Each structure stands twice: as structure tokens, then as C-alpha cells.
Amino acid sequence: MKVVKHIEITEELVENYAKLIGDFNPIHLDEEYAKTTIFKSRIAHGMLVSSFISSIIASDFPGPGSIYSYQDLKFIKPCYVGDKLKYIIEQTEVVNNKFELSTKVYNHSNELILDGSARVLKK
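Computed from a predicted structure; not experimentally measured.

What counts and what doesn't
Residues numbered from 1 in each chain as written. Predicted model: local features only at pLDDT ≥ 70, side-chain atom pairs only at ≥ 80, totals over all residues. Heavy atoms only, no water. Pairing = 2+ DSSP bridges. Helix = DSSP H or I, 4+ residues; strand = E, 2+ residues; numbered from the N terminus. Axes fitted to C-alpha atoms, helices over the stretch in contact; angles between N-to-C directions. Contact = heavy atoms within 4.5 Å. Core = buried A, V, L, I, M, F, W, Y, C linked by side-chain atoms within 4.5 Å. Buried < 20%, exposed > 50% of the residue type's maximum accessible area, 1.4 Å probe, protein only. Polar contact = N/O pair within 3.5 Å; in protein donor to acceptor, adjacent residues only side chain to side chain.

### Focus on the pairing of strand E5 (residues 112-121)
Okay, so step 1: Here strand E2 (residues 67-75) pairs with E5 via eight bridges, running antiparallel. Each residue of the ladder has a partner; that of Tyr68, found in E5, is Val120.
Okay, so step 2: Pairing analysis gives nine bridges linking strand E4 (residues 98-106) to E5, with the strands arranged antiparallel. Across the sheet, the residue bridging to Lys98 is Leu121, located in E5.
Okay, so step 3: Between E4 and E5, which pair antiparallel and follow one another directly, the connecting turn spans five residues, one of which, Asn110, has a positive phi of 60°.

Here's what the structure looks like:
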């Protein structure tokens, strides 16, 4: 089984996430500051980008009632504010209601920006 979902990382999402968790790093919120960094523009919080994996697991696969028990993440490239992302969640193994998943996120240029694996329990 494989699920593909597209999500745009908007300015509103980044600002709301910053307020929610209290991470006001100017690399996420201040374009003038971000221009002085290696990224040259604002980037989204890595955990904001990865948080959509949870919503896909809960909504799409394996779906409601899933218990997200493990996640390994490798942040490969930055996600810029305004990027349109493609999430690919793919089942790699199932043993006794434990789903092993590959979790990958690509930017609008089809570059891998986040790579990982997850374990999900489903009754």
C-alpha cells in the first residue's frame, strides 16, 4: 500500500506553528534575516513539515485508530515557505498489526527533502 498526498507549506501555517510551539527563530519568520543565512529565504520548521506524516497516517493509511509508535527522520534539504510538498507513505512490512512504513517528502522540484521510517500499530 502507498499513499501520496500534496500539501503546501504556507506562510500562515509557519506562523501558526511558531505560535503553537513557541519557536520564533527568525529563520522561519523574518525574510530580511533569512536572506543573510545560507538558505537565503525563510524556511519552515522541520517538525512542521514532518507533522503531516502523522495526519496522513491517521486519515489515510492505515487510518483511524492507528497508534503512531516510532518515527525516524532525516532532514535532507530545507523546506521553504510556499513550497508545495509531496508526501509518500509506503508500507514496507506488516507483522501482527504492526505496520512498518517508509516516509518520504519531496519538494516541488521533486527533490527529496525528508526521509524516514515509521511504525504504526493498528487494532
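### Overview of the sheet that holds E5
In sheet architecture, strand pairing relies on hydrogen bonds along the backbone and comes in two forms, parallel and antiparallel.
Okay, so step 1: The strand order E1-E3-E4-E5-E2 describes an open sheet built from five strands, whose pairing is antiparallel. The strands lining the two open edges of the sheet, one partner per strand, are strand E1 (2-8) and E2. Here the average twist between neighbouring strands, direction ignored, is 20°.
Okay, so step 2: The strands touched by helix H4 (residues 46-59) are E1, E2, strand E3 (84-95), E4 and E5; relative to E2, the strand with the most contacts, the crossing angle is about 145°.

### Details of the nonpolar core
Okay, so step 1: Core analysis: the largest hydrophobic core is formed by 24 residues, its most contacted members being Ile9, Val49, Leu85, Tyr87 and Leu101.
Okay, so step 2: Every element with two or more residues in this core is listed here: E1, helix H1 (11-21), H4, E3, E4 and E5.
Okay, so step 3: Tallying contributions element by element places H4 first for this core, with six residues.
Okay, so step 4: Among all residues touching Tyr87, those that are not within four sequence positions of it are Val3, Val4, Lys5, Ile7, Ile9, Val49, Phe52, Ile53, Ile56, Lys104 and Val105.

### Focus on the side chain of Thr103
Okay, so step 1: With respect to the secondary-structure elements, Thr103 resides in strand E4.
Okay, so step 2: A distance of 3.0 Å separates polar atoms of two side chains, one belonging to Thr103 and the other to Gln71.
Okay, so step 3: In this structure, Thr103 is in contact with Ile53, Gln71, Asp72, Ile88, Ile89, Leu114, Asp115, Gly116, Ser117 and Ala118, ignoring residues within four places of it in sequence.

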